[in-house]
Every structure is written in structure tokens, then in C-alpha cells.
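Residue-level structure breakdown
Chain by chain, the residues run as shown.
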Amino acid sequence: VTGIATAYMDSIPMVAITGNVGTSLIGRDSFQEVYIAGITMPITKHNFVVRDVEELADTVRDAFRIAASGRPGPVLIDIPKDITAAKCEFIPKGKVEINETYEISDEELQTVADMIAASERPMIYYGGGVETSDAGDIPSAHTMMAIGCIPDTEPLSLGMIGMHGTVSAAWAVERCDLLVCIGARFSDRVATNTKRFAPSAKVIHVDIDDAEINKNIGVDYAIVSDAETFLEKVMPYI
């Protein structure tokens, strides 16, 4: 369960397949029966309990699609013992394609560009969302999840941010007047004191998951998008 929770917090796509007692014994407090779907519900994107072997193949396909789409994360498939022993005709299907688009209006892009243009000491704080999008000249600092997106030898790279990060990153957060957060979530490892984090800065938050907006840090402007789409679309405005 801890591994699933870690994947959930770090936005790692994962499909966990668990076994359970036979369908006729579910709900009877049978030997080694565990309601794993309920236990893991808060730490998964979705849970499946397969009660018909005819649905197993499509369930597995759906699980991998859900795990990899949007903000990636873990999905759990619970398979009762009798379903693991049952047989059916397997019908091959093509690979599930994930084609997601995120619309960002010209007005939103212009607002971000204007905020950057008006700032004197802008800084980018980016996380695993940049790594997931495979997207990579403003000084920037990264979370542990985004190590390697920009080489540490890059002159504008300030290294890792947060309690285990560099002095230069902490110094920049303290003194910047605009903080652009891309694909990160202001975790307690980064914003150890949410009331003092980037105290002089306006904050722009770009994230694929709108539930992360204003969750840990109040922001001045937000855009719901994956990192690659945002960066590609905003560059012509800057």
C-alpha cells in the first residue's frame, strides 16, 4: 500500500493487480479476505474489482489507459480467486491510444507573458510534470522528481529546491518577484513554511491537475495544462 501511495503522490503510472477470495465468499469476512479496493481508494486514480472473466481483458486495457492519461498515477485491479481460474475466449484488440489536448486561450497566454515581462526577478520552479511531458531563459530550480530535465551545468539552473536543495535555489525563492511553477505541487519538502514561501512574489501555477491549484499555496494566476503544451504555446508570447 505504501508503494501505491508513493506512486500516487509522485504521479507515477502503475497498475497493481491483487488477488482476493472467490466471489461467493466476498463480504463474508472469509479467510484472508481484504477489501483492498476500499483500502486503496484514496491513493489510486481508479479501482476495479473483476467479477466476470469476460471483462478481465478490457479491464486491464482500461487500467493502463487510466494510469497513463491526464496526471499519471496508480490503478488497482482486484481479481477474485475463481476469476483467475476461469477461462474465456480472448479477443485481441489494438493498443489503446492516449491522445489528450489541453486548450489554453490567447488571453491566458498573454496574461502569463505580461506578468513575466513586468517582473524584474522571475524564477521558474518545475517538477515531475516537466519530466512527464518531456519538456525542457529564466533561472530555474527543480524538485527531486525533475532531476535531469535541465543539466546542473546550465548557467541558469539553480539546482534542486526545498529542504534538501541548494542555497542558491532557496535564495532565489526568497527574493524573486515572480514565481512560475510548472508541473509541481508545492509539497512540504519544497514549501516547508507555506506562509513564508516566495514572500515577495506573484505566483503562476501551471499543472495538469486542477485539484493541485491553490491546495498548498495560494496563487495569483493558474493554467490547467500539461507542461509541454503550455511551454510550446507561451514561448511566442514572451
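All of the points below concern the structure found in this document. All values derive from a computational prediction rather than experimental measurement. (Residues numbered from 1 in each chain as written. Predicted model: local features only at pLDDT ≥ 70, side-chain atom pairs only at ≥ 80, totals over all residues. Heavy atoms only, no water.)

Here we look at the sheet that holds strand E3 (residues 74-80)
The condition that has to hold: We treat two strands as partners when DSSP finds at least two bridges between them. Helix numbering and strand numbering both begin at the N terminus, where a helix is a DSSP run of H or I of at least 4 residues and a strand a DSSP run of E of at least 2. Interaxial angles span 0 to 180 degrees and are taken between N-to-C directions of axes, which are lines fitted to C-alpha atoms, for helices over the stretch in contact. Here, residues are in contact when the closest pair of their heavy atoms is within 4.5 Å.
With parallel pairing, three strands are arranged side by side in an open sheet as E1-E3-E2. Each having just a single partner strand, strand E1 (14-20) and strand E2 (46-49) make up the two edges of the open sheet. When the angles between neighbouring strand axes are averaged without regard to direction, this sheet yields 15°. As paired strands, E1 and E3 are joined by seven bridges and run parallel to one another. Directly across from Ile17, in E3, lies its bridge partner Ile77. The sheet strands contacting helix H3 (residues 56-68) are E1, E2 and E3, and the helix crosses E3 at an angle near 165°.

Concerning the nonpolar core
The condition that has to hold: Note on terminology: a nonpolar core comprises buried Ala, Val, Leu, Ile, Met, Phe, Trp, Tyr and Cys residues joined through side-chain atoms within 4.5 Å. Relative accessible area decides the class of each residue, using a 1.4 Å probe on protein chains only: under 20% of the type maximum gives buried, over 50% gives exposed, and in between gives partly exposed.
Counting 22 residues, the largest nonpolar core has Met123, Tyr125, Ile161, Leu179, Phe186 and Phe197 as the members making the most contacts within it. Broken down by secondary-structure element, the contributors of at least two residues to this core are strand E4 (122-126), helix H7 (167-175) and strand E7 (178-182). Top element by residues in this core is H7. It accounts for three residues. Those residues in contact with Leu179 that sit more than four places away from it in its chain are Met123, Tyr125, Phe186, Phe197, Ala198, Ala201, Lys202, Val203 and Ile204. Counting residues in each nonpolar core, the second largest holds 19 residues, with Tyr126, Val180, Ala227 and Val234 among its members.

Looking at the pattern of salt bridges
A pair can form between side chains of opposite charge whenever their charged atoms are brought close. Cut-off, in case you're wondering: Take a side-chain nitrogen of Lys or Arg and a carboxyl oxygen of Asp or Glu: if they are within 4 Å of each other, that pair is a salt bridge.
Scanning the entire structure with this criterion turns up nine salt bridges. A salt bridge links Asp58 to Arg61, with the nearest nitrogen and oxygen atoms 2.7 Å apart. Linking Asp58 with Arg61, this pair stays in helix H3, spanning three residues, or about one helical turn. Its relative accessible area of 16% is what places Arg61 among the buried residues.

A look at unusual backbone geometry
A positive phi angle is found at Gln32, which is not glycine, with a value near 65°. Here Gln32 falls in the exposed class, since its relative accessible area comes to 62%. Positive phi is not limited to glycine here, since Phe186 has a value of about 55°. Secondary-structure assignment places Phe186 in the loop between E7 and strand E8 (202-207). When its relative accessible area of 2% is taken as the criterion, Phe186 is described as buried.

Focus on the layout of surface pockets
Here is the rule: The rule is simple: put a 1 Å grid over the protein atoms alone, call a set of points where a 1.4 Å probe fits but cannot get out a cavity, call an open set with protein on both sides within 12 Å along at least five of seven lines a pocket, and count a residue as lining if it has an atom within 4 Å of a point. Grid points are joined across faces, edges and corners, and a volume is the space filled by probe spheres set on the points.
Of the voids in this model, the largest pocket is the one considered here, and its volume is about 910 Å³. Lining the largest pocket are 44 residues, and of these Ser11, Gly127, Gly128, Gly129 and Gly183 sit closest to its centre. When residues of the lining of the largest pocket are traced back to their parent elements, those giving at least two are helix H6 (128-133), E8 and helix H8 (227-234).

Comments concerning the environment of Ile217
Residue placement: Ile217 occurs in the loop between E8 and strand E9 (221-224). Distance in space between the C-alpha atoms of Ile217 and Lys233 is 25 Å, their sequence separation being 16 residues. Filtering out sequence-adjacent residues up to four positions away, Ile217 remains in contact with Phe186, Ala191, Thr194 and Phe197.

Here we look at the side chain of Asp207
Stated formally: In this tally, Lys and Arg are treated as positive and Asp and Glu as negative; His is ignored, and so are the chain termini. Two N or O atoms count as a polar contact when they lie within 3.5 Å, although within protein this holds only if one can serve as hydrogen donor and the other as acceptor, and sequence-adjacent residues are included solely when both atoms are side-chain atoms.
Inspection of the secondary structure assignment puts Asp207 in strand E8. In this structure Asp207 is buried but unpaired, with Arg71 as the nearest side chain of opposite charge at 5.2 Å. A polar contact is formed between the side chain of Asp207 and the backbone nitrogen of Asp209, at a distance of 2.9 Å. Setting aside residues no more than four positions away along its own chain, Asp207 makes contact with Gly183, Ala184, Glu212, Ile213, Ile223, Val224 and Ser225.

Geometric values such as these leave the question of function open.
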